[in-house]
There are 4 protein chains.
Amino acid sequence: MPREVRERQMLDAAVAVFARRGYRAASMDEIAELAGASKPLVYLYLNSKEDLFSACIRREAEALIAAVRAAVDPGAPADRRLWNGLRGFFAHTAAHPDGWAVLHCQARTHGEPFALEVGALRQQLVDVVTQLITETAADGGCTAPLPETEVAGLAHALVGAAESLAGWSNERDGAASSEQETAATLMNFAWTGLENMAHGRRWIPIGA
Amino acid sequence: MPREVRERQMLDAAVAVFARRGYRAASMDEIAELAGASKPLVYLYLNSKEDLFSACIRREAEALIAAVRAAVDPGAPADRRLWNGLRGFFAHTAAHPDGWAVLHCQARTHGEPFALEVGALRQQLVDVVTQLITETAADGGCTAPLPETEVAGLAHALVGAAESLAGWSNERDGAASSEQETAATLMNFAWTGLENMAHGRRWIPIGA
Amino acid sequence: MPREVRERQMLDAAVAVFARRGYRAASMDEIAELAGASKPLVYLYLNSKEDLFSACIRREAEALIAAVRAAVDPGAPADRRLWNGLRGFFAHTAAHPDGWAVLHCQARTHGEPFALEVGALRQQLVDVVTQLITETAADGGCTAPLPETEVAGLAHALVGAAESLAGWSNERDGAASSEQETAATLMNFAWTGLENMAHGRRWIPIGA
Amino acid sequence: MPREVRERQMLDAAVAVFARRGYRAASMDEIAELAGASKPLVYLYLNSKEDLFSACIRREAEALIAAVRAAVDPGAPADRRLWNGLRGFFAHTAAHPDGWAVLHCQARTHGEPFALEVGALRQQLVDVVTQLITETAADGGCTAPLPETEVAGLAHALVGAAESLAGWSNERDGAASSEQETAATLMNFAWTGLENMAHGRRWIPIGA
DNA sequence: CATGAATGAGGATTCATTCAT
DNA sequence: TATGAATGAATCCTCATTCAT
């Protein structure tokens, strides 16, 4: 069996096991067995548990980013790009729950090396969203330019909302179209909020 | 030293170590040492690593919920209650980053017993937010009642956004007032979005 | 509470726990709890686990020997003395199963100090039986004096048979009179065998 | 080194250590060291201390039963079969004192799982003896059929006597031929007793 | 007389990792 | 390319035992 195929099988197995057990509780034995290979072979191809986990993160992160990028039509207006990006995000996380679990739940909780790796992914998502927010403001005829910090905050909020919704809609594995609905809910919530902010319509704490 | 004091020291140490290392990677040795007690005493008071982790989750969850509840003035209108709840949330998570890390990052990733425990906390947050959203719609003169599923989705989105922002604002531990700003950002984002939705103003995908 | 009473309670508890769990698996915690006293008190009165176990063995051994001795009427002929001794033995072991378990099952399996102690008990039983066998031979008009080694072997065989029957009759906790029957069975088995041997009637392996 | 060989070495070591120390006091460290292997290997091959002990019991029990069976010539008359069975029993226990110690002293004292296993062995011995007693009665022209309970009692008594003698003759590890003598002593004791009982000649307590 | 608080030492078990083949 | 055999190092947990009160 060619190395490339074997390696993919190993990564598949590793993602599944890491998702189910967590990094520390996952055992190389279980991964090797699920991959249908012997442990020494796993070490030959992937060096160590740490490297293996890194490889999982990288592969899944790239796949997610690629899915989101592919969903966005660069020529469309900002609102459609946000809408399509969200749909792509929800569709991919729904289709690859193990990969998503590794990225969202496991990677960040296990020390520097992995947190950095997954942090880079998150930053990419945030960057995409930041740009969309900025463009949205411009497209919508922004009358009150948003300070940079606030844009960053909004981007983080949006990504967090998306992540949370991804988990929620995965749990209630309802209709096949639920990912569409989930995206719509978030879009409704976010879009009008953004538009208002871009026009300086804000909520102001009374007396603050 | 009286038992109560020792027990609190142990929980403090455990929360710190669990936050830094994760459940599996945390060693009872390190926790005991940090608590300034011997391992057998930790076991005598808290039974097992699992029970200790559960106790951490419970304590931190109760503290967080209490902080949010305490921040909300039950007599105030819905928007102020949301605002105050958010401020309480951000203030508490900023003041107790380890506790928040245990709840948000660690607890959900380590098997049923803990996931259930922390799931209960999250549900409480979601419940509070759900109620606020509903009342907001009413207060704002809702013209288009939101379907129940959508309200749930919005609540999850809002909680996710808050969780994400909590992590973000903890990372850039800049100004002391940043928790105020963070709350304001989210409030602006969420409030206007909710208001619009409550009045049936929605974003509609063109051609969908 | 006077020391004597407390000490007896402790020994009672220890015998029960040692019988149920074995020496190593028995914990001083469990013993202290069952005795209704605190652990330091147990140590104050009985020094150590080893001493406690020794005390159990000694007490139970002395009780058993005393019971057998009390059952035997020194003036009776040899057969009646054997008969009464057996009845006393079975009655006592049936009435004190925990003590018997400690003596028979636990004490011998845990290293020199205890094995010696319980060995002494067993030797006393064997001595009594040895004497009975010798007298039986004399009473029955022995025509072929038995060599010393053989008498010792017979005594061990008889004690072993009695021990085995004690366990067996304890298991099938049938009629209240079963100890009587058990004694009768062994008596029938042993007595005629002894009588024959004393008269030189032996089983000889053909061709050996 | 092939697995089979290693596994046997481990069982040998385990039997020796369990015999010397008892189940609880035996440490896997000592067993592994005596076996000349590392602890993880012991666990890899034999799973756990409990399984290891079970494996010891099973191996030793099977060996003992096989030795007794092999010693008995199925075509011989009942008395010769009893005689040969006893010789086989004493020869095997004398040749494998550790195995016998594990079976007789240790296995019964350590909780259900092992007690059952060793109980099965004992039952097999008792069954063999029970059948011999019954046949003996028949061969000897039984005039007074023995009640079933009594036969069972006799069988237990005989096995107990044999067990006791095995221990005794092991202790005074005197002449090489002592196992022959031991068997002869027991045979003399038992055989004539059985014959008498089969003919209704009983010892009757005067006045009972 | 009685105990709550505390621990040093040790034991079962697991796991990432490496050779020799 | 592929693996059966093997282990050092750690981890959870328990227990007999002792003080200070």
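The name recorded for chain A in an unreviewed UniProt entry is TetR/AcrR family transcriptional regulator, from Streptomyces roseoverticillatus.

Let's shift gears to the protein's contact with DNA strand E. Near DNA strand E you find 29 residues, and of these K39 and Y43 of chain A, S38 and P40 of chain B together with Y43 of chain D are the closest. Take M28 of chain D: an N or O atom from its main chain is 2.9 Å from a phosphate oxygen of DNA strand E. Looking at the surface near DNA strand E, the elements with two or more residues in it are α3 (39-46) of chain A, α1 (3-21) and α3 (39-46) of chain B, α3 (39-46) of chain C together with α3 (39-46) of chain D. For the surface near DNA strand E, a count of residues per class yields 16 nonpolar, 6 polar and 7 charged.

The subject of this paragraph is the interface of chain B and chain A. How big an interface is tends to be reported as the loss of accessible area on association of its parts. The interface is formed by 43 residues belonging to chain B together with 41 residues belonging to chain A. Counting each side, the surface lost to burial between chain B and chain A is near 3900 Å², with a carbon and sulfur contribution of 66%. Interface area lost by chain B to chain A is led by N188, F189 and W203 of chain B, which between them contribute 22%. Seen at the junction of chain B and chain A, the total is 0 salt bridges. The tally of links from chain B across to chain A stands at 10 residue pairs in polar contact (both at pLDDT 80 or more). Mapped onto the side of chain B that touches chain A, the elements with two or more residues apiece are α5 (78-95), α6 (97-106), α8 (148-171) and α9 (178-198) of chain B.

We now examine the packing of α1 of chain B against α3 of chain B. All names here are of chain B. Packing of α1 against α3 brings their axes to within 11 Å, and their N-to-C directions diverge by 105 degrees. Considering the angle they form, α1 stands roughly perpendicular to α3. Along its contact with α1, which presents R3, R6, E7, M10 and L11, the element α3 presents L41, V42, L44, Y45 and L46. Along the lines of polarity and charge, the residues of the contact of α1 with α3 split into 7 nonpolar, no polar and 3 charged.

Turning to the side chain of H92 of chain B, a few remarks are in order. Summarising the element assignment, H92 of chain B is placed in helix α5. Excluding its chain neighbours within four sequence positions, the residues that come into contact with H92 of chain B are A63, L64 and A67 of chain B.

Around DNA strand F, 29 residues are found, and the nearest of them are K39 of chain B, K39 and Y43 of chain C together with S38 and P40 of chain D. Atoms of DNA strand F within 4 Å of the protein belong to the sugar or the phosphate in 58% of instances, the rest to bases. Between DNA strand F and K49 of chain C there is a distance of 2.8 Å, counted from a phosphate oxygen to a side-chain nitrogen or oxygen. Here a phosphate oxygen of DNA strand F sits 2.6 Å away from a polar atom, N or O, in the side chain of S38 of chain D. Only α3 of chain A, α3 of chain B, α3 of chain C together with α1 (3-21) and α3 of chain D provide two or more residues apiece to the surface near DNA strand F. In the surface near DNA strand F, the residues fall into 16 nonpolar, 6 polar and 7 charged.

Residue and element names in this part refer to chain B. In this structure, Y43 sits in helix α3. Sequence spacing of Y43 and G167 is 124 residues, and the spatial spacing of their C-alpha atoms is 32 Å. Those residues in contact with Y43 that lie beyond four places of it in its chain are M28, S48 and K49.

Expressed as a screw transformation, the operator carrying chain B onto chain A has a rotation angle of 179 degrees and an axial translation of 0.1 Å, and the superposed copies differ by an RMSD of 0.2 Å. Viewed as a symmetry operation, the transformation between the two copies matches a two-fold axis. Same-surface contact between copies: 95% of interface residues of chain B are shared with the interface of chain A.

This part covers the confidence of the model for chain A. In this model, chain A carries a mean pLDDT of 85, and residues with pLDDT of at least 70 account for 95%. Summarising per-element confidence for chain A, the mean pLDDT is lowest in helix α9 (residues 178-198) of chain A (80) and highest in helix α2 (residues 28-35) of chain A (96).

It is worth spelling out the interface of chain D and chain C at this point. Every contact between the two is made by 43 residues of chain D and, on the other side, 41 residues of chain C. Interface area lost by chain D to chain C is led by N188, F189 and W203 of chain D, which between them contribute 22%. Counting across the chain D and chain C interface gives 0 salt bridges. Where chain D packs against chain C, one counts 6 residue pairs in polar contact (both at pLDDT 80 or more). Where the side of chain D that touches chain C is concerned, the elements lending two or more residues are α5 (78-95), α6 (97-106), α8 (148-171) and α9 (178-198) of chain D. Tallying contributions element by element places α8 of chain D first for the side of chain D that touches chain C, with 13 residues. Taken together, the residues of the side of chain D that touches chain C sort by class into 20 nonpolar, 14 polar and 9 charged.

Here is what the cut-offs are and how they apply
- Residues numbered from 1 in each chain as written.
- Chains lettered and ligands numbered in written order.
- Predicted model: local features only at pLDDT ≥ 70, side-chain atom pairs only at ≥ 80, totals over all residues.
- Heavy atoms only, no water.
- Near = heavy atom within 4 Å.
- Polar contact = N/O pair within 3.5 Å; in protein donor to acceptor, adjacent residues only side chain to side chain.
- Helix = DSSP H or I, 4+ residues; strand = E, 2+ residues; numbered from the N terminus.
- Nonpolar A, V, L, I, M, F, W, Y, C, P; charged D, E, K, R; others polar.
- Contact = heavy atoms within 4.5 Å.
- Buried area = accessible area lost by both parts, 1.4 Å probe.
- Salt bridge = Lys/Arg side-chain N within 4 Å of Asp/Glu carboxyl O.
- Axes fitted to C-alpha atoms, helices over the stretch in contact; angles between N-to-C directions.
- Parallel < 35°, antiparallel > 145°, perpendicular 65-115°, else oblique.
- Least-squares fit on C-alpha atoms with pLDDT ≥ 70 in both.
- pLDDT = per-residue confidence, 0-100.

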